[in-house]
Amino acid sequence: VLLPVRLGIRTYAPSDDPQTTVASIPFPWLQLGAEVALTQARAWTASASLGVTYLPESHTGALVQGRISRLLTGSVTSLTRPDLYGFLGASMIYVRGPGAMAFEPRVPTTKDLLDAAQGINQPEAIFASFQIGLELRVKNRIGVTAFLETSPALNDAPSVGRYLDIIVPFQSFGAEVSVWF
């Protein structure tokens, strides 16, 4: 069992809608989890993690995430070169604060914006997301990850656009740096 610590950032595509008054800012995430090898050679791994995000005056949030990864650069991990994994993942994300307004299924009014800025109303968003990505690892100790994420609940959010449309719309792009213990 390995214990990954991930520091990542998720960005959400800007909307093409001229009516949009709110744009999503990048969301930094700190994630802690556990990873197990599903095969003796670490060709398949599975992980689960919990994460938190916080930006003053913008938002606080949490996530629960699971991933399954497959080694793409051979049948066993390498002793002499980095390993490249492909992965699929699923997350439940909760965000609270003015930054959550970008995920609402309607364009916020001026009153909504003022209420959120004064703390009268704290918008909340809870949504599922699904990731596909690549992770480059060195000796299962450090790694770099890039992923695309689709969130079906955000298809109706006018403040969130799409980075890519291949079978499903990908509204988010993320990158992480990981350390395993």
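Structure: above.
Each chain carries its own residue numbering, running from 1 in the direction its sequence is written. Note on the predicted model: pLDDT of at least 70 is required for a residue's local features to be given, and 80 or more for side-chain atom pairs to be given and counted; whole-chain, interface and lining totals, by contrast, use all residues. In computing side-chain values, all of the structure's heavy atoms are included and hydrogens and water are not.

K.L.:
Please provide a residue-by-residue account of unusual backbone geometry, values included.
P.N.:
The residue Glu 57 is not glycine, and still its phi comes out positive at about 65°. Within the secondary structure, Glu 57 is located in the loop between strand S3 (44-55) and strand S4 (59-71). Type-normalised accessible area, obtained with a 1.4 Å probe on protein chains alone, sets the label of each residue: buried when under 20%, exposed when over 50%, and partly exposed for intermediate values. Assessed through its relative accessible area of 76%, Glu 57 is described here as exposed. For Ile 167, which is not a glycine, the phi torsion comes out positive at approximately 65°. Classification of Ile 167 by relative accessible area gives exposed; the value is 89%. Numbering of helices and strands runs from the N terminus, with a helix taken as a DSSP run of H or I at least four residues long and a strand as a DSSP run of E at least two residues long.

K.L.:
Any chance you could break down the sheet that holds strand S6 (residues 124-138) for me, citing the residues and the numbers?
P.N.:
As summarised here, the arrangement of the eight strands in space is S1-S2-S3-S4-S5-S6-S7-S10, forming a closed barrel in which the pairing is antiparallel. The sheet shows a mean angle of 25° between the axes of neighbouring strands, direction not considered. Strands qualify as paired when DSSP identifies two bridges or more between them. As judged from the twelve bridges shared by S4 and strand S5 (residues 83-96), these two strands associate in the antiparallel manner. By the bridge assignment for S5, Leu 71 is matched with Tyr 85. Orientation is described by lines fitted to C-alpha atoms, with helices fitted over the stretch in contact, and by angles between N-to-C directions that extend from 0 to 180 degrees.

K.L.:
So what about the pairing of strand S2 (residues 27-37)? Which residues, and what values?
P.N.:
Here six bridges tie strand S1 (residues 4-12) to S2, and the two strands are oriented antiparallel to one another. By the bridge assignment, Arg 6 is partnered in S2 with Gln 31. Inspection of the sheet shows S2 paired to S3 by eight bridges, in the antiparallel sense. Considered in S3, the bridge of Ala 34 is made with Ala 48. Counting the residues in the hairpin turn of S2 and S3 gives six residues, including Arg 42, whose phi is positive at 60°.

K.L.:
Talk me through helix H1 (residues 110-118); I want residue IDs and the actual numbers.
P.N.:
Along H1, the residues that are buried comprise Asp 112, Asp 115 and Ala 116. Projected onto a plane normal to the axis of H1, the buried residues spread over an arc of 100° and lie on a single side. Those residues of H1 that are exposed and aimed more than 90 degrees away from the buried face are Thr 110, Lys 111, Ala 117 and Gln 118. Just beyond H1, the residue with positive phi is Gly 119, at close to 80°. Directions are taken from the helix axis to each C-beta atom, and the arc is the one they span.

K.L.:
Residue-level account of the pattern of salt bridges, with values.
P.N.:
Salt-bridge detection follows one rule: a side-chain nitrogen of Lys or Arg within 4 Å of a carboxyl oxygen of Asp or Glu. Under the defined criterion, the tally for this structure stands at 13 salt bridges. Between Arg 42 and Glu 35 there is a salt bridge, with the nearest N and O atoms lying 2.6 Å from each other. Residue Arg 42 is classed as buried on the basis of its relative accessible area, which comes to 15%. Among the charged side chains, a salt-bridge network with shared partners connects Arg 6, Glu 35, Arg 42, Arg 67, Glu 135, Arg 137 and Glu 176.

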